[in-house]
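Descriptive structure summary
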Protein chains: 2
Amino acid sequence: MKQTPFAFEKALKNQTKKEILADKLIEMILTGLLRDGDELPSERELAQLFEVSRETVRGGLALLTGYGLLNVSHGSKSRVCASEAVIDSFRNHPARQQGDELNNLDIESVFESRIVVESAIARRAARHIDEAGLKKLDALLEAQSQHFDSPVNFQLSDQNFHHVIAEYSRNEILIRYADELYTYALNIRRQVMAEHGSIKRSYEEHVRIVEALRAGDPDAAERAMLSHIDSVYYTTRDKMPH
Amino acid sequence: MKQTPFAFEKALKNQTKKEILADKLIEMILTGLLRDGDELPSERELAQLFEVSRETVRGGLALLTGYGLLNVSHGSKSRVCASEAVIDSFRNHPARQQGDELNNLDIESVFESRIVVESAIARRAARHIDEAGLKKLDALLEAQSQHFDSPVNFQLSDQNFHHVIAEYSRNEILIRYADELYTYALNIRRQVMAEHGSIKRSYEEHVRIVEALRAGDPDAAERAMLSHIDSVYYTTRDKMPH
DNA sequence: CTCCACTGGTATATATTTCATACCAGCATA
DNA sequence: TATGCTGGTATGAAATATATACCAGTGGAG
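A short tour of the structure in this document, coming up. (Residues numbered from 1 in each chain as written. Chains lettered and ligands numbered in written order. Predicted model: local features only at pLDDT ≥ 70, side-chain atom pairs only at ≥ 80, totals over all residues. Heavy atoms only, no water.)

Turning our eyes to something else, we now look at the overall build of chain A. In terms of helices and strands, chain A carries ten helices and two strands. Ordering the α and β elements of chain A from the N terminus gives α-α-α-β-β-α-α-α-α-α-α-α. Taking all contacts inside chain A whose residues are at least 6 apart in sequence as the whole, residues at least 24 apart take part in 71%. (Helix = DSSP H or I, 4+ residues; strand = E, 2+ residues; numbered from the N terminus. Contact = heavy atoms within 4.5 Å.)

This is the structure:
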């Protein structure tokens, strides 16, 4: 009796050439090599450059057009049409090869994941932190305390702060995940950071995190980090349109 | 207006499904999951497992046969035919440029991260799992119980098992991280899966995970998952050359 | 031993992707 | 306006992948 309930999610997936081409062009747009308004080479030229047929090029360009990244007009060359908003939505969702473009990482998933990763990092950092690390964090706290009125500077320091702690988890994968999730969250809450009160509160929470790390107390570090992420989450969520 | 010093130079290459399948099987041979003389699942079975047509499977197997890695005979199952000499010539020479980025990640970081992510997933899955999910997991357990002597089948089912649970975390990011970490871990522990005892133990641990999920008990699910990952970790570590 | 369920081997038809080669229609400019 | 670009379209061919059959060799259960 050999039936097969093997519905395999991890099936063999074949990427077509037009998809590969579309991805390459998207990458060029994301990296700024191609900017809004830039002319693309002609379809015949692209076909030669990528060593594919013109029909394949047209297929790839059609995908880009569908994503709203390209403007094609009969008779003239195609132009990149990439507003900051569209670019951001692409930058945040690299797993975009499927048709469900605008679907994406909802705010809850991002912060839920941040809690998981940052908590684990805080525990490990409390065990591995050393004097040099604490000194770095103190310096960052000092910088943050002087930037309550400068959201841009505070954000840069904030990112650095979390990255330094992540480094003391001594786990490259967790560091990478934390950086990635920070970026996701940042793109969601850009507007929120402009608020005065939220910056000061973040600073105070940072202070508590450093205290726990200095004490070498994993439980306290995890609690402080969790409380911080939670606070950022709720502030962000309340500010969202929905 | 003359511009276009464009950086398009690379031709784009399309990998066919049979090539992908052949690469997967070669990888299994190189890592010792498939050894000289081992039977391969039947063509029809492989077609279902990889969700491709039987003709595509035959194409992939034909490539392996051409490389001298496989012995197909009318009426019987195909057998791996891989002398040490042939394996070595494959391990060194061919265009196997891919897997190198994983080698930088040490085994401890991978499993530490897996524990973090899979524990979180288990907790969430216990809250969100439904009858359909439990049915899927039961079917996978049933399949696994019949594949104690078939590392290939068991591994494929094992991957599916973890993926289904991850899906019930209802968090796309955690799902992506879990899949990625599974792949990392798999590349490290392929040899271990060939051991008879480790397969049966994995199965029993899977059963306990499903029990906890069925009970809807997040704590128990986390404990069961953590114990499972731990077990895989220790087995893998003890098998490593170092 | 025979039988038959399994195995690989084969044939057919169809859909998709990619390609090459045309020709048509819109745009810019000399 | 006329010429040479541009994108838009149509056709046929090849390669790939799928689905559905049926044929032929193997090996184990009865």
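What follows concerns the side chain of B:Glu43. Within the secondary structure, B:Glu43 sits in helix H2 (residues 43-49). For B:Glu43, a relative accessible area of 18% corresponds to the buried category. (Buried < 20%, exposed > 50% of the residue type's maximum accessible area, 1.4 Å probe, protein only.)

As a matter of local geometry, DNA strand C sits amid 25 residues, with A:Lys17, A:Thr56, A:His74, B:Arg54 and B:Arg58 nearest to it. Counting only atoms of DNA strand C within 4 Å of the protein, the sugar-phosphate share comes to 63%. One of the side-chain nitrogen or oxygen atoms of B:His74 is found 3.1 Å away from a base nitrogen of DNA strand C. Residue assignment for the surface near DNA strand C shows that the elements contributing at least two residues are helix H1 (17-30) and helix H3 (54-67) of chain A together with H2 and helix H3 (54-66) of chain B. With three residues, H3(B) is the single largest residue contributor to the surface near DNA strand C. (Near = heavy atom within 4 Å. Polar contact = N/O pair within 3.5 Å; in protein donor to acceptor, adjacent residues only side chain to side chain.)

With that settled, the discussion passes to the protein's contact with DNA strand D. In the vicinity of DNA strand D, 25 residues are found, and the nearest of them are A:Arg54, A:Arg58, B:Lys17, B:Ser53 and B:Thr56. Restricting attention to atoms of DNA strand D within 4 Å of the protein, one finds that 61% of them are sugar or phosphate atoms. Within the side chain of B:Thr56, an N or O atom sits 2.6 Å from a phosphate oxygen of DNA strand D. Within the contact set of DNA strand D, a sugar or linking oxygen lies 3.3 Å away from a side-chain nitrogen or oxygen of B:Ser76. Looking at side-chain class alone, the surface near DNA strand D contains one nonpolar, twelve polar and twelve charged residues. (Nonpolar A, V, L, I, M, F, W, Y, C, P; charged D, E, K, R; others polar.)

The geometry of helix H5 (residues 107-128) of chain A relative to helix H6 (residues 107-128) of chain B is characterised by a closest axis approach of 10 Å and an angle of 135° between their N-to-C directions. What the angle tells us is that H5(A) and H6(B) run oblique. The two elements H5(A) and H6(B) meet at a crossing, and its hand is right-handed. Of H6(B), the residues touching H5(A) (which contributes A:Glu112, A:Val116, A:Ala120 and A:Arg124) are B:Glu112, B:Val116, B:Ala120 and B:Arg124. Taken together, the residues that form the contact of H5(A) with H6(B) break down as four nonpolar, no polar and four charged. (Axes fitted to C-alpha atoms, helices over the stretch in contact; angles between N-to-C directions. Parallel < 35°, antiparallel > 145°, perpendicular 65-115°, else oblique. Left-handed = near helix turned anticlockwise from the far one by under 90°.)

Once that is clear, we can look at the pattern of salt bridges. Inspection of every chain in the model, using the stated rule, returns 22 salt bridges over all chains. Across the pair B:Arg123 and B:Glu222 runs a salt bridge, and its minimum N-O distance is 2.5 Å. Of the two residues, B:Arg123 is situated in helix H6 and B:Glu222 in helix H11 (residues 218-239); the sequence distance between them amounts to 99 residues. In this structure, B:Arg201 and B:Glu205 form a salt bridge, with 4.0 Å as the shortest nitrogen-oxygen distance. Of this pair, B:Arg201 and B:Glu205 both sit in helix H10 (residues 196-215), separated by four residues, roughly a single helical turn. Taking the relative accessible area as the measure of exposure, B:Glu205 reaches 7% and is therefore buried. Residues participating in the shared-partner salt-bridge network are A:Glu43, A:Arg54 and A:Arg58. (Salt bridge = Lys/Arg side-chain N within 4 Å of Asp/Glu carboxyl O.)

Next up on the list: the packing of aromatic side chains. For the structure on display, the rule yields five aromatic pairs over all chains. Taken together, a centroid distance of 5.1 Å and an interplanar angle of 50° make the contact between B:Tyr233 and B:Tyr234 tilted. Overall, B:Tyr233 belongs to the buried group, its relative accessible area being 10%. Owing to a relative accessible area of 40%, B:Tyr234 belongs among the partly exposed residues under this scheme. These aromatic residues form a ring-pair network of at least three members: A:Phe111, A:Tyr233 and A:Tyr234. (Phe/Tyr/Trp six-rings, centres within 6.5 Å; stacked < 30°, edge-to-face > 60°.)

Residues and elements named next belong to chain B. Running from amino to carboxyl end, H6 crosses helix H8 (residues 151-167) at an angle of 60°, the nearest separation of the two axes being 8 Å. On the basis of the axis angle, H6 is oblique to H8. Two secondary-structure elements touch here, H6 through Arg114, Glu118, Ile121 and Ala125 and H8 through His162, Ile165 and Ala166. The class makeup of the residues in the contact of H6 with H8 is four nonpolar, one polar and two charged.

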